[in-house]
Amino acid sequence: EAGVTQSPTHLIKTRGQQATLRCSPISGHTSVYWYQQALGLGLQFLLWYDEGEERNRGNFPPRFSGRQFPNYSSELNVNALELEDSALYLCASSLPGGNAYNEQFFGPGTRLTVL
Amino acid sequence: DAKTTQPNSMESNEEEPVHLPCNHSTISGTDYIHWYRQLPSQGPEYVIHGLTSNVNNRMASLAIAEDRKSSTLILHRATLRDAAVYYCIRTGAGSYQLTFGKGTKLSVIP
């Protein structure tokens, strides 16, 4: 069974540009989560999508946005990039509904570097 | 606020058992306890979770204190591949995202 896949593996942008990161969940999973892992800050929850809807977002500015497509894949967009957006962006998926005990399966991440 | 407390780092000799502690003194009755680990240069992976009673799976065991204020992840025989950052996470019935703390960095000595 294929795991969660993310693309691209690495992305280099300059300040002010926009970045688009993509995630394909495990087949049968409808929930997709995005996390940011910046150096020194640990893993922080960004966004949760389920059945095409944004269900919850973490403490991030509105320039972090995304969407979930009918096939449950997801896209994370970061507008007006700032240097501190440089981080590993991780996507995870889980079974439908999302609840406290659904195991989340993580992808390998996209390393975003903002110059 | 990760709501759990773990030691920053621990060391273990290869092929010996490892007990990774976690304190969650403010846990509520419906909160689950999850453990994930993150190997170098990889995304986190699920290890085990539990609610009240001890749990076992192919990767590890989870021992939960009777008052649920603490738990211990047990790796029965540490291997070099177990060197990772281990995160203890509690999730409530109404929360769906994982809130990661700093975790415990486990080093395994050959």
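Here, every reference points to the structure presented above.
Remember, predicted model here, so these are calculated numbers, not experimental data.

> Could you give an account of the packing of aromatic side chains, with specific residues and numbers?
What the rule picks out here adds up to 10 aromatic pairs over all chains. Relative to B:Phe100, the ring of A:Tyr35 has its centre 5.8 Å away and its plane inclined at 90°; by these criteria the two rings are edge-to-face. Of the two residues, A:Tyr35 is situated in strand β4 (residues 31–38) and B:Phe100 in the loop between β8 (84–91) and β9 (104–109); the pairing between them involves two chains. The exposure classification of A:Tyr35 matches that of B:Phe100, with both residues buried.

> Explain the interface of chain A and chain B to me, and be specific about the residues and the numbers.
Counting from both sides, the interface comprises 20 residues of chain A and, opposite them, 18 residues of chain B. The contact between chain A and chain B buries some 1500 Å² in all, and 60% of this surface belongs to carbon and sulfur atoms. Summed over the shared surface of chain A and chain B, the number is zero salt bridges. Taken together, chain A and chain B are joined by three residue pairs in polar contact (both at pLDDT 80 or more). Those elements that place two or more of their residues in the side of chain A that touches chain B are β4 and β5 (42–50) of chain A.

> Which residues make up the side chain of A:Asn77, and what are the values?
Residue and element names in this part refer to chain A. Relative to the helices and strands, asparagine 77 resides in strand β8 (residues 74–78). Classification of asparagine 77 by relative accessible area gives buried; the value is 12%. Excluding residues within four positions of it along the chain, asparagine 77 makes contact with Gln18, Ala19, Thr20, Arg63, Phe64, Ser65 and Gly66.

> Tell me about the state of the cysteines, and name the residues and values.
Residues and elements named next belong to chain B. Tallied over the entire structure, the rule returns two disulfides over all chains. Covalently, cysteine 22 is tied to cysteine 88 through a disulfide, its sulfur atoms 2.0 Å apart. Here cysteine 22 and cysteine 88 share a disulfide; its torsion about the S-S bond, -80°, makes the bridge left-handed. Here cysteine 22, found in strand β2 (residues 18–23), pairs with cysteine 88, found in strand β8; they are 66 residues apart in sequence, far enough to count as distant.

> Tell me what's going on with the pattern of salt bridges, and back it up with residues and numbers.
The tally for this structure, following the rule as stated, stands at 10 salt bridges over all chains. As a salt-bridge pair, A:Asp85 and A:Arg63 come within 2.7 Å of each other at their nearest N and O atoms. Of this pair, A:Asp85 sits in the loop between β8 and β9 (87–94) while A:Arg63 is found in the loop between β6 (53–57) and β7 (64–68), placing the two residues 22 residues apart along the sequence. The residues A:Asp85 and A:Arg63 share a single accessibility class, namely buried. A salt bridge links A:Arg67 to A:Glu75; the nearest nitrogen and oxygen atoms lie 3.3 Å apart. The exposure class assigned to A:Arg67 is partly exposed, which follows from its relative accessible area of 44%. Given the relative accessible area of 9%, A:Glu75 is considered buried. Salt bridges linked by common partners bring B:Arg37, B:Glu45, B:Arg81 and B:Asp82 together as one network.

> Explain the environment of B:Ala63 to me, using residue names and the numbers behind them.
Residues and elements named next belong to chain B. Relative to the helices and strands, alanine 63 resides in strand β6 (residues 61–64). Overall, the relative accessible area of 24% leaves alanine 63 in the partly exposed class. Sequence separation of alanine 63 and proline 21 is 42 residues, and the distance between their C-alpha atoms is 9.5 Å. For alanine 63, the contacting residues outside a window of four places in its chain are Asn54, Ser71, Thr72 and Ile74.

Definitions and cut-offs
Residues numbered from 1 in each chain as written. Chains lettered and ligands numbered in written order. Predicted model: local features only at pLDDT ≥ 70, side-chain atom pairs only at ≥ 80, totals over all residues. Heavy atoms only, no water. Phe/Tyr/Trp six-rings, centres within 6.5 Å; stacked < 30°, edge-to-face > 60°. Helix = DSSP H or I, 4+ residues; strand = E, 2+ residues; numbered from the N terminus. Buried < 20%, exposed > 50% of the residue type's maximum accessible area, 1.4 Å probe, protein only. Contact = heavy atoms within 4.5 Å. Buried area = accessible area lost by both parts, 1.4 Å probe. Salt bridge = Lys/Arg side-chain N within 4 Å of Asp/Glu carboxyl O. Polar contact = N/O pair within 3.5 Å; in protein donor to acceptor, adjacent residues only side chain to side chain. Disulfide = S-S within 2.5 Å.

Spatial relationships are all this shows, so hold off on functional conclusions.
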